[in-house]
Amino acid sequence: MTLSSKKIYWGRHLFLMTFILTIGIYPILWVFSLAFSGSQSLSLVDLPPDPSFFERLRAIVPWPSQWSLSNFKEILDNELFLGWIFNSLLVASMTTIIGVFLACTSAYAFSRFKFPGRKNGMMLFLVSQMFPGTMMMIPLYIIIVKWLGLGNSYIGLMLVYSTTALPFCVWMLKGYFDTIPVEIEESAIMDGASPSTIFFKIILPLAKPAIAVTALFSFMTGWNEFILAAIFMEDENLYTAPAGLRFFVDGFSSKWGYFAAGSIIVSLPIVILFIFLQKQLVSGLTAGSVKG
Amino acid sequence: MHEKFFPKQLVIGWVASTLLVIGILFIVLNTIENTILNKTNLYTKFMDARVLSARIEAHMATDNWEDGLQERAISWQQETGKINGVRILKLSGAKVIVSTLEKDKERGGTYRLERKNVEHKRLYDQAKLIKSNYQSNRNSENLSEDKEIFFDQQKASTWIYLPLVNDKKFYGVLEIDLINSSEALASDGVLNTSRFYVLFVILLSVLLFPVFVYFYQKKIPYVSQRFINLSVVFTYLGLSIVVYSFFSDYTSKLYVAQSDFLTVLHNERAEELSFVKESLSSARNYIAINEYGKYLFSSSSIYPQMQAIDVGNISEKSFFINSYIAILLVGLGWVVFVTCDYASRTWQALKEHRQAYLYTAPAIIGMLLLVFFPFLYGLSLAFTNTTLLNESAPYAERWIGFDNFYAILLGFDLFETTNDGYNINYDNFYWTLFITICWTLLNVAIGVTVGLALALALNAPDLRFKAIYRVILILPWAIPNYVTSLVWKGMFHQQFGVINQIIQLFGSEPIAWFDSVFYAFITGIATNSWLSFPFMMVVILGGLQSIPADMYEAAKVEGASRWQQFRYITLPSLKPTLIPAVIISIVWTFNMFNIIFLVSGGEPAGANDILITKAYREAFEKYQYGYASAYSFVILAILLMYGIIQNKVSKATEANT
């Protein structure tokens, strides 16, 4: 290793470390220290009226003045919050089940069968991705809440979320099914397998990685959405976690400790899943955009 | 595929479309006639009612007028012969002093209104409304009767509510229940010939369909398909014009008939009313009856369903409507014809590819019901003035055409004058568009720059802890963005927020982040940049890793500097991965609702709203559903335009390289 390339090597480390510590994970550390501080305040330490430089410096270091698990304990004792988590889990998993099932069948057809309307069908999914969110909100609100009366029910949310996630899932899965060689199915047909056997016993098991990504995406759609949930649900008990968490820190209450603890509980599973599956997610996203 | 010139389904389509067009035409013509008849009748009723109220007011000018009023009312009623009953409400004391209504017989004509009686309460509220309108009209000095007279048209009879005035003071309300009678318009013969022409021409245009089909299928040699297409379009246009002219001829004859009828009516009633008026000395100054007529027919305020049709003077608006109807009719025939053909083919395809459709059906049906139907419904809302309050009103009443779009796109009131100079109107569409464009470009630029820098730093095969760095740097993307937004909102808190602590650390004053347009904009940019750089980083990293290492080695041999390597190898090789990523992130950022909504909330005063949050605010904070829908469709149009330009540009660049 020459001197200059050694410099560059350490330069890389220096740059990455600085970036991560100052910007990259600072907000995350800050949330963690709020959550473990045991208080509801936004500031990590109480500053005296005329603080010195070091006291100010201490105030921005993301390290709580005392460690406590009380925020977590209290929020997990809070029935409202547990209810929100339950609602979110229910809505998001139903969204996943409905979304993935619909996406698998239609993506398979789009990938394997040649039929009139195939191209238009794919375009139909793609075009819907262009629609701005608020454009759908008004008609959906009127249709789901005012006409169908599904305002305070999980069903409305599940249906809307699964169709929101559907286009991405279909494109993603279709792309994956395309890579599975047709010869496998042909030989299965030779062995006398029925079309449904081929689909359920051969294709679906082969497509497991792609299905996992699709499932994660559907789940995230349901788990992270808050605005429709807030519009559809009038009853506080029926809020999903995102819609509920907002109310810890809106204008009237500022329970930052609860908010921080709650966000960690809500985000952690999704973050872990995301990190495991992000490579496939990226390839799916960019593949769709290139074709569009 | 088509051996026969006219396969079965084409014939069916042709018959179906012909029948449909004729049916619709009949309905349209009848509706037009009925509306005109209806308006004429209403006008007649209005005249009758006004004559009666003039009589009563004339009577009120005499002494001891309340004595024996009931008997007089009955005699008036019998005189006109078109009235089911009248009721006079004296507003002070909420007392009915005269009633010849059937339902009030047992009460004997005079009684107090009861608070709990729904019908009584309605009458009282109506009277209060008329009083306040009456008074505001008198105060405004121009002698209009705007909103003083109310119509309530029902199946059996029409109710009219008019103010009663005694010595220039508001006395009460006269309620008249008029018998619904329809008087036919004269000159039916003229109408019938005209109607026949319209039918004939439309029938002719429908009959021509098979001729075109014949040409289509025969594929005449030496005549290009494009020529046939063009001739079809021109024939279609020509026919529309012919149909249009017949149609407008027909309707103009209708209006002339109406006008003749009303002129006769005017003269009759004017005599009657002037007779009554002579006996009035101190009563209010009436607008001449002819003026009334004009007023009633030129203002939609008395009776909302009334359109602007001037008596004897056909307005331009109705001409346009007629031409639309005519063109639509001919067009509809074609559509049905084509649809029938298409439907039969679809049915064929459905039978052939049963399995494929079975697999796709659930997803497609879901999309149609929950995405495309709401989409169309939203589109239909965009042409209405729907709000929270009039949502259940019939669609036709809410219809306002393109007014929402005009208000959005032609609202150039970007600046408003105040006492201390000019202010920017933050609710203006173009301001919001400007903010949105700044927001999108800045965010994407920052995202790409930061992502590129990080990816370059990470892209070294021998870098230790590479995986750890990568995972940590991806975290902002993995965290739900509503959490991120709220966290950053907390960090920007004026008193306790970390960012202001850092600013104070360097001795500056804390900043009120959400009070100024510029600073509030910065908060959004900071938040969005933080959560969008990982995507760019990951994509670019993927691109970097696909660049073959021997290219760099060759460059090194040639003596290229690091900058030259970056400029001539790395950047060009990144292009195919970077461009789609930039395209998609432009659309994402343009539509990034959560950040703006949660971090700055569009503060101050909506100045920082991007288009999509503005649309939300119109819909769910101001409850202007119609306007907000139109706003959303403008956003969609912008996105589509962007998509088309993007496509063209990328195709052009592809062709160049």
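In every chain, residue numbers begin from 1 and rise along the written sequence. All chains are assigned letters beginning at A, and all ligands numbers beginning at 1, according to the order in which they are written. Per-residue local features are limited, in this predicted model, to residues with pLDDT of at least 70; the limit for side-chain atom pairs, both in listing and counting, is 80 or more; totals at the level of whole chains, interfaces and linings are taken over all residues.

Draft legend 1. Spotlight on the overall build of chain A. Elements are defined by DSSP. Helices are runs of H or I of four residues or more, strands are runs of E of two residues or more, and each kind is numbered from the N terminus. Helix and strand counts for chain A stand at 14 helices and 0 strands. From first element to last, N terminus to C terminus, chain A shows the α and β order α-α-α-α-α-α-α-α-α-α-α-α-α-α. Partly exposed residues are those whose C-beta has more than 12 but fewer than 20 other C-beta atoms within 10 Å; 20 or more makes a residue buried and 12 or fewer makes it exposed, with C-beta atoms placed from the backbone. Within chain A, the fraction of its 292 residues that count as buried is 42%.

Draft legend 2. Quick look at the packing of helix α6 (residues 118-128) of chain A against helix α8 (residues 154-179) of chain A. Residues and elements named next belong to chain A. Axis definition: a line fit to C-alpha positions, over the contact stretch in the case of helices; interaxial angles, taken between N-to-C directions, run 0 to 180 degrees. Viewed as axis vectors pointing N to C, α6 and α8 meet at an angle of 130 degrees, and their least axial separation amounts to 8 Å. Taken together, the axes of α6 and α8 are oblique relative to one another. α8 is crossed by α6, and the crossing has left-handed handedness. Counting all contacts with α6, which are made through F125, L126 and S128, the residues of α8 involved are L166, P167, V170 and W171. In this count, Pro and Cys sit with the nonpolar residues alongside Ala, Val, Leu, Ile, Met, Phe, Trp and Tyr, while Asp, Glu, Lys and Arg are called charged and the others, Gly among them, polar. Partitioning the contact of α6 with α8 into residue classes produces 6 nonpolar, 1 polar and no charged. For this classification, under 35 degrees means roughly parallel, over 145 means roughly antiparallel, 65 to 115 means roughly perpendicular, and everything else is oblique. Each crossing is labelled by how the near helix is turned from the far one, with a counterclockwise turn of less than a right angle marking it left-handed and a clockwise turn marking it right-handed. Whether two residues are in contact depends on their C-beta atoms, placed from the backbone: they are in contact if these lie within 7 Å.

Draft legend 3. Structural view of the interface of chain B and chain A. Each side of the interface is counted separately: chain B has 72 residues, and chain A has 74 residues. Ranked by residues supplied to the side of chain B that touches chain A, first place goes to helix α9 (residues 354-381) of chain B with 17 residues.

Draft legend 4. Layout of the nonpolar core. For this analysis, nonpolar core means a set of buried Ala, Val, Leu, Ile, Met, Phe, Trp, Tyr and Cys residues linked through C-beta atoms within 7 Å. A:A103, A:L166, A:C169, A:V170 and A:L173 are the most contacted members of the largest nonpolar core, which totals 123 residues. Among the elements that take part in this core, α8(A) stands out by supplying 15 residues, more than any other. In this structure A:C169 touches A:G99, A:V100, A:A103, A:T214, A:F217 and A:S218, once residues within four positions along its chain are discounted. Counting 25 residues, the second largest nonpolar core, distinct from the first, contains B:A457, B:W530, B:M537 and B:A581.

Draft legend 5. Seen up close, the confidence of the model for chain A. Residues and elements named next belong to chain A. Per-residue pLDDT for chain A has a mean of 84; in total, 94% of the residues score no lower than 70. A score between 0 and 100, pLDDT records how confident the predictor is in each residue. Highest mean pLDDT in chain A belongs to helix α5 (residues 79-112) (91); lowest belongs to helix α14 (residues 256-291) (76). Taken together, the stretch residues 288-292 has pLDDT below 50 and engages in 7 contacts with residues farther than four places along the chain or on a different chain.

Draft legend 6. Structural context of the environment of B:A460. Tracing the chain through its elements places B:A460 in the loop between α12 (429-458) and α13 (466-478). On a C-alpha basis, the gap between B:A460 and B:L544 in space is 10.0 Å, while along the polypeptide they are 84 residues apart. Each residue touching B:A460, except ones within four places of it in the same chain, is listed here: A:Y9 and A:R12.

Draft legend 7. Examining helix α17 (residues 549-558) of chain B more closely. Burial analysis of α17(B) places just 0 of its 10 residues in the buried class, a small minority of the element. At the C-terminal side of α17(B), B:G559 shows a positive phi close to 90 degrees.

Draft legend 8. Highlighting unusual backbone geometry. Residue and element names in this part refer to chain B. Unusually for a residue other than glycine, F465 sits at a positive phi of about 60 degrees. Within the secondary structure layout, F465 lies in the loop between α12 and α13. Backbone geometry at Y623 places phi at a positive 60 degrees, although glycine is not the residue there. Its place among the elements puts Y623 in the loop between α20 (611-620) and α21 (625-656). Take Y623: there are 14 C-beta atoms within 10 Å of it, and that puts it in the partly exposed class.

Draft legend 9. Region of the structure containing the packing of α8(A) against helix α11 (residues 208-224) of chain A. All names here are of chain A. Between α8 and α11, the shortest axis-to-axis distance is 9 Å and the interhelical angle comes to 165 degrees. As far as their axial angle goes, α11 and α8 are roughly antiparallel. α11 is crossed by α8, and the crossing has right-handed handedness. Only A210, V213, T214, F217, S218, T221 and G222 of α11 make contact with α8, whose side of the interface consists of Y161, S162, T164, A165, F168, C169, M172, L173 and Y176. Here the contact of α8 with α11 is composed, by residue class, of 10 nonpolar, 6 polar and no charged.

Draft legend 10. View of the pairing of strand β1 (residues 83-90) of chain B. Residues and elements named next belong to chain B. With 6 of its 8 residues buried, β1 lies for the most part within the structure. Pairing analysis gives 7 bridges linking β1 to strand β6 (residues 169-179), with the strands arranged antiparallel. If you follow I88 over to β6, its bridge partner there is L174. In this sheet, strand β2 (residues 95-99) lies alongside β1 in antiparallel orientation, the contact comprising 4 bridges. What sits directly across from I88, in β2, is V98. Note on pairing: DSSP must find at least two bridges between two strands before they are called paired. Taking the residues between adjacent antiparallel strands as the criterion, β1 and β2 are bridged by 4 residues, where G93 takes a positive phi near 95 degrees.

Draft legend 11. Structural view of the pairing of β2(B). In this sheet, strand β3 (residues 111-112) of chain B lies alongside β2(B) in antiparallel orientation, the contact comprising 2 bridges. In the strand pairing of β3(B), B:K95 is matched with B:R112.

Draft legend 12. Highlighting the environment of B:L441. All names here are of chain B. Topologically, L441 is positioned in helix α12. Taking the number of C-beta atoms within 10 Å as the measure of exposure, L441 has 13 and is therefore partly exposed. In this structure the C-alpha to C-alpha distance between L441 and T589, which are 148 residues apart in sequence, comes to 8.7 Å.

Draft legend 13. A look at the environment of B:F597. Residues and elements named next belong to chain B. By the secondary structure assignment, F597 is in helix α19 (residues 593-600). Placed 11 residues apart in sequence, F597 and N608 show a C-alpha to C-alpha distance of 9.6 Å. Dropping the residues within four chain positions of it, F597 is found in contact with T613 and Y616.

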